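Per-entry structural report
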Amino acid sequence: MAWASLLIAGLCEMLGVAAMNMVNRRRNLSSVLLMVLAFGGSFLFMSFAMRTLPMGTAYAVWTGIGAAGGAIVGMLFFGESRDWRRIVFITMILGAAVGLKLVS
């Protein structure tokens, strides 16, 4: 259950980053509320995960999901560069997160 909570926390983090970009593009109440709720959900689920998982592992995986996911969301929805080198490094981040799961 802790790994599921951590995955949900990472997905909320991705949504929060996308909402942050929306707030910067068009400052409206719905974007701000989405950002606050997404980051709040991220911290809530992260705290559930950390009841069982070691702090270092949970934080590294959560950060990896958020960073890689934010970059992917930027490429898919906000027109950011899809250079093959970016994709290689995003894959490395995700591989490191999976590796931490395997050794935990």
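For the structure, check the block above.
These remarks concern the structure in this document. Treat the numbers as computed from the prediction; the structure is a model and nothing was measured.

1. Observations regarding the nonpolar core
- By size, the foremost hydrophobic cluster in this structure holds 15 residues, and its most contacted members are Leu-6, Met-46, Leu-53, Ala-58, Val-61, Trp-62 and Val-73.
- Discounting residues that sit within four places of it in the chain, Leu-6 has contacts with Met-46, Ala-49, Leu-53, Ala-58, Val-61, Trp-62 and Ile-65.

2. Side note on the environment of Trp-3
- Assignment of secondary structure puts Trp-3 in helix α1 (residues 2-25).
- Classification of Trp-3 as partly exposed rests on a relative accessible area of 25%.
- In contact with Trp-3, other than residues within four places in its own chain, are Leu-53, Thr-57, Val-61, Lys-101 and Ser-104.

3. Quick look at the pattern of salt bridges
- The tally for this structure, following the rule as stated, stands at two salt bridges.
- Note that Arg-86 and Glu-80 form a salt bridge whose closest N and O atoms lie 3.5 Å from each other.
- With relative accessibility at 28%, the residue Arg-86 sits in the partly exposed group.
- Measuring nitrogen to oxygen at the nearest pair gives 2.8 Å for the salt bridge that ties Asp-83 to Arg-85.
- By relative accessible area, which is 48% here, Arg-85 ends up partly exposed.

What counts and how
- Residues numbered from 1 in each chain as written.
- Predicted model: local features only at pLDDT ≥ 70, side-chain atom pairs only at ≥ 80, totals over all residues.
- Heavy atoms only, no water.
- Core = buried A, V, L, I, M, F, W, Y, C linked by side-chain atoms within 4.5 Å.
- Buried < 20%, exposed > 50% of the residue type's maximum accessible area, 1.4 Å probe, protein only.
- Contact = heavy atoms within 4.5 Å.
- Helix = DSSP H or I, 4+ residues; strand = E, 2+ residues; numbered from the N terminus.
- Salt bridge = Lys/Arg side-chain N within 4 Å of Asp/Glu carboxyl O.

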